[in-house]
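Chain by chain, the residues:
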Amino acid sequence: MTPEELKARYGNLILNLSIALEAGDETAFTSQLNSIVRERDDGVWLQLRKLTSDLGTALERFQLDSRLVDLAEKEVPDARHRLDHVLKMTDEAAHKTMDLVEQSGPLADRISNDAKELSELWQQFRSRQISPEDFRQLLDKMEVFLDDVRNTSDELRRNLAEVLMTQGYQDLSGQIIRGVITLVDEVEATLGHLVSLATSHSSKDNDIDKFRESRGHGPAVPGINHGNVVNGQQDIDALLSGLGI
Amino acid sequence: MSKDLRFLVVDDFSTMRRIIKNLLHDLGYPNVAEADDGNTALPLLQVGNIDFLITDWNMPGMPGLELLKAVRSDPKLAKMPVLMLTAEAKREQIVEAAQAGVNGYVIKPFTAVTLKEKLDKILEARAAAK
């Protein structure tokens, strides 16, 4: 409080107090004395309120700070690791799909070429222009071809099933990406909250927990500690059979 | 084993639903309905023409575990075979699913052989119980 403020606040009160004292007016004196005490108490309450509010802000900021530290030290590096894993998964899936396509193309070509060759002999046979030697060849080739078509079709079918299974990466990588999006949302909300704390003392919306709400953990990512996770289907089968399932 | 079984596949990723649907077709089960979470799955189940439920765990809306609990607590659906097909890998979760009454649990990524094995196992156990 500046000397001017001090004077403005207590000057009149003290003047009135000393007038009452001079006059020997006990009622007026007591009333003025009470006013002075009340004035001083009000100042204390004001200070106390401000102190409480500052303490609240500091606590809130501390809570945000520790969340930010957690985000910066653990979850952001984790997210980077997760995205690396997504990159690896999509890369592997794309290559596996292309490998299978590349394997399958020549199989289809071979059937097509063999069929073309056979159909030339077949046309000769139909127009009765085939030599006995060529006819024997036609029969042999037909037998080999039919076997080959069956086996090759099976192989193509397996390759197609494998291509299908490989697309599962989209689900797994999608879940991981969704987790990272949630994290980015939280970083944004936390930083926004911090900015509003720095600019005003009245920010109250404490909805950080909303972002931590989880409906499952998503796929386990190698290299990230997910707690007590199973190691593949065999592990699950053992666990479940222990539970009688 | 009856090939007329009607399946409901619940997963929020349409790619995964497509994969499972294709695998079921290959295994000789052409009758497959789809839903993208528990909230859309339950009404389909309650209509009453589904024989087998395959569900993911981690889905927005109603997650798979909640769906499983809802199915088990509905007298009309309580005996429905339920296979969990999910990336959720924590031991506590698998135990939780088992306690909620799951009939099988397949972890993603999975193979066609694993899916067939678990389906057959559940169906054989049900046939034996009848």
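What counts as what
Residues numbered from 1 in each chain as written. Chains lettered and ligands numbered in written order. Predicted model: local features only at pLDDT ≥ 70, side-chain atom pairs only at ≥ 80, totals over all residues. Helix = DSSP H or I, 4+ residues; strand = E, 2+ residues; numbered from the N terminus. Contact = placed C-beta atoms within 7 Å. Buried ≥ 20, exposed ≤ 12 C-beta atoms within 10 Å, placed from the backbone. pLDDT = per-residue confidence, 0-100. Core = buried A, V, L, I, M, F, W, Y, C linked by C-beta atoms within 7 Å. Pairing = 2+ DSSP bridges. Axes fitted to C-alpha atoms, helices over the stretch in contact; angles between N-to-C directions. Arc of directions from axis to C-beta. Nonpolar A, V, L, I, M, F, W, Y, C, P; charged D, E, K, R; others polar.

### Looking at the overall build of chain B
And step 1. A tally of regular secondary structure across chain B gives five helices and five strands.
And step 2. A separation threshold of at least 6 residues defines the contact pool for chain B, and within that pool the share at least 24 residues apart is 60%.

### Here's the deal with the overall build of chain A
And step 1. If you tally the helices and strands in chain A, you get six helices and zero strands.
And step 2. Reading the helices (α) and strands (β) of chain A from amino to carboxyl end gives α-α-α-α-α-α.
And step 3. Scored against the burial criterion, the 245 residues of chain A give a buried share of 8%.

### What about the confidence of the model for chain B?
And step 1. Scored by pLDDT, chain B comes out at a mean of 94, with 98% of its residues at no less than 70.
And step 2. Interface confidence in the predicted complex, given as ipTM, is 0.82; pTM for the same model is 0.68.

### Some points on the nonpolar core
In globular proteins that are soluble, nonpolar side chains generally tend to be buried together.
Residues and elements named next belong to chain B.
And step 1. In terms of nonpolar packing, the biggest core is built from 48 residues, with F7, L8, I20, L53, I54, M84 and A97 touching the most fellow members.
And step 2. Ranked by residue count, the leading element in this core is helix α1 (residues 14–26), at five residues.
And step 3. Other than its neighbours up to four places away in sequence, M84 contacts T55, W57, G64, A97, V102, G104 and Y105.

### Brief notes about unusual backbone geometry
And step 1. For the bond from K108 of chain B to P109 of chain B, the omega torsion is -5°, close enough to zero to count as cis.
And step 2. Following the sequence through the fold, P109 of chain B ends up in the loop between β5 (104–107) and α5 (112–129).

### Observations concerning the sheet that holds strand β2 (residues 32–35) of chain B
All names here are of chain B.
And step 1. Strand order across the open sheet formed by five strands is β2-β1-β3-β4-β5, with parallel pairing between neighbours. Whereas interior strands pair on both sides, the edge strands pair on one side only; in this sheet they are β2 and β5. Adjacent strand axes in the sheet meet at a mean angle of 20°, parallel and antiparallel pairs treated alike.
And step 2. As paired strands, strand β1 (residues 7–10) and β2 are joined by four bridges and run parallel to one another. In the sheet register, V10 faces β2, and the bridge partner there is A35.
And step 3. Along the sheet, α5 makes contact with β4 (82–86) and β5, crossing β5 at roughly 175°.

### Overview of helix α3 (residues 64–73) of chain B
Residue pairs three or four apart in sequence face the same way in an α-helix, which turns once every 3.6 residues.
And step 1. Inspection of α3 of chain B places G64, L65, L67, L68 and V71 of chain B among the buried residues, and these make up the whole buried set. Looking straight down α3 of chain B, one finds that the buried residues subtend no more than 160° of arc, so they occupy a single side.

### Digging into the interface of chain A and chain B
And step 1. Contacts between chain A and chain B engage 28 residues on the former and 28 residues on the latter.
And step 2. Elements supplying a minimum of two residues to the side of chain A that touches chain B: α3 (132–166), α4 (169–199) and α6 (233–242) of chain A.
And step 3. Per-element tally for the side of chain A that touches chain B: the top contributor is α4 of chain A, with five residues.
And step 4. Along the lines of polarity and charge, the residues of the side of chain A that touches chain B split into 13 nonpolar, 13 polar and two charged.

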